[in-house]
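# Chains, contacts and geometry: an overview
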Amino acid sequence: MMLLRWILVLVIAFFAGKLISKLKMPAILGWLIAGMLLGPHAAGLMPQSLLDASWYKICITWMQCAFGLMLGTELVWSKIGSYGKALIVTTLTQSLGTFLIISAVFAAVFAVQGVPLFLALAFGGIALATAPAPALSIVQEFHTKGPVTDTLLPMAVLDDIVGIVVFFSVNSYIASRVSGGAVPLSMIPVMILLPIAIGAVPGIAAGLLLKKRPGKAGTLAILIAGITATAAIGLYFNTRVFTNITLNYMLMGVSFSAVFSNIIPEMHLDYVTSTFQPILSVSLLAAIVDLGAPLDYHLIVGAGLYTFIYIAARAAGKYCGARFGAAIMKMPATVRKYLGLTLLPHSGVSLVFTGIVCGVLQTNAPDLASIVKGTIAAAAVINEIIAVFAAKKGFQLAGEIPDRQ
């Protein structure tokens, strides 16, 4: 029954996306709203027991690895060579710029209100990472092409890496202040390098097999087997080896696809990605619905001052940081002006990071945990709706959405 419920939710979300598209808005907005309205906080067609079911988590894990292919297949050295240094610098300026702006703004607010200043670092650390699925779904739906798209796709991978390093460093510092447990700093390289290694091993095997051009059915079988192997190894490490950290499944999928993409000829890569397209579309749909389901729309009404400060400061950090980095690296004008708008989606990653910070704060500083949880939960709902419009507008202003769209 739970499986049928999930399938029904995905079907409803698909048609909600089609309806939204008729209004010249991104289909992802329909998927996100459908997930929220059919999730445990509203209609309950997708109850919490479904979201907590082991089989559901395994399916979502597989799909997270699967939509990593959309990013990994862009990491071909010959493609990103011209953007290499500029890409790294711009990623750092928009990520660290966001961290610094949010931390500074909340430090000023907390200084006035008597809240411990280290909590400002928690908001800064949570704000760094970008949820790539919403922007990727817009790229896929509207077939965007151009410098902004070419910069955004590999940046989504680098952004996650910077986010992991900064967030867990901050989390360890906060834990030392409240005497809670935390991930040791020595584990941060493991959280980055191990997912890459997990994806690389099946990626090598897939690349060697795909070089033989096995046809459509064979190509699909190789990709499905490779993603399944990647997800299975990741699940083993996350459930049997580590208990205090969670490895990033999307990063595993990115690594898997980046490896085989650099083994096979570039012309054949287009055939491989087009073959996988239907599965990628379903994976993105399921990932966005999963993103929306835990969001409580009631929080929009109860959103307080901290929530709006957080949304505004994060948007300023992402936009200004991206613009500054792109400008000093002399990237194309459209990248300087509009890349920041495509970096606003956030909620999935923010909720994971929020849970980790609150776990550290809950025992010794439950009042601080409540501030973080209430602020970010409300921001996740409001920001995600705003971010979808902003991301599409960014691609539109950059001239990367075909006129017919």
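Scroll up to find the structure this text is about.
Residues numbered from 1 in each chain as written. Predicted model: local features only at pLDDT ≥ 70, side-chain atom pairs only at ≥ 80, totals over all residues. Heavy atoms only, no water.

### Examining the overall build of the protein chain
The helix and strand inventory of the protein chain stands at 18 helices and zero strands. The C-alpha atoms of the protein chain give a radius of gyration of 20 Å, which matches the 22 Å a tight globule of 405 residues would have. Dimensions of the protein chain along its principal axes, counting C-alpha atoms only, are 65 × 55 × 50 Å. Across the 405 residues of the protein chain, 55% fall into the buried class. Of the contacts made within the protein chain by residues no fewer than 6 positions apart, 83% connect residues no fewer than 24 positions apart. Total accessible area on the protein chain stands at roughly 16600 Å², and carbon and sulfur atoms take up 70% of it. The protein chain carries 24 positive and 14 negative side-chain charges, and their two centres are separated by 4 Å. (Helix = DSSP H or I, 4+ residues; strand = E, 2+ residues; numbered from the N terminus. Rg over C-alpha atoms; globule rule 2.2 N^0.38 Å. Buried < 20%, exposed > 50% of the residue type's maximum accessible area, 1.4 Å probe, protein only. Contact = heavy atoms within 4.5 Å. Areas by Shrake-Rupley, 256 points an atom, 1.4 Å probe, with all protein chains shown as cover. Lys, Arg positive; Asp, Glu negative; His and termini not counted. Charge placed at Lys NZ, Arg CZ, Asp CG, Glu CD.)

### Structural notes on unusual backbone geometry
Positive phi, normally seen in glycine, also occurs at Arg-213, with a value near 50 degrees. One can find Arg-213 in the loop between α10 (188-210) and α11 (215-241). Of note, Lys-330 is a non-glycine position whose phi angle comes to about 55 degrees, a positive value. By the element assignment, Lys-330 lies in the loop between α15 (305-328) and α16 (333-338). With a relative accessible area of 72%, Lys-330 lands in the exposed category.

### A few points about the packing of aromatic side chains
Scanning all chains against the criterion turns up twelve aromatic pairs. Measuring from centroid to centroid gives 5.2 Å for Trp-6 and Tyr-56, while their planes differ by 80 degrees, and the two rings are edge-to-face. Of this pair, Trp-6 sits in helix α1 (residues 2-22) while Tyr-56 sits in helix α4 (residues 54-72), and the two are 50 residues apart along the sequence. Considered together, Trp-6 and Tyr-56 belong to a single accessibility category, that of buried residues. The interplanar angle of 85 degrees and the centroid separation of 5.8 Å between the aromatic rings of Tyr-236 and Phe-237 together place this pair among those described as edge-to-face. The rings of Phe-106, Phe-110, Phe-123, Tyr-306 and Tyr-310 are connected pair by pair, giving a single aromatic cluster. (Phe/Tyr/Trp six-rings, centres within 6.5 Å; stacked < 30°, edge-to-face > 60°.)

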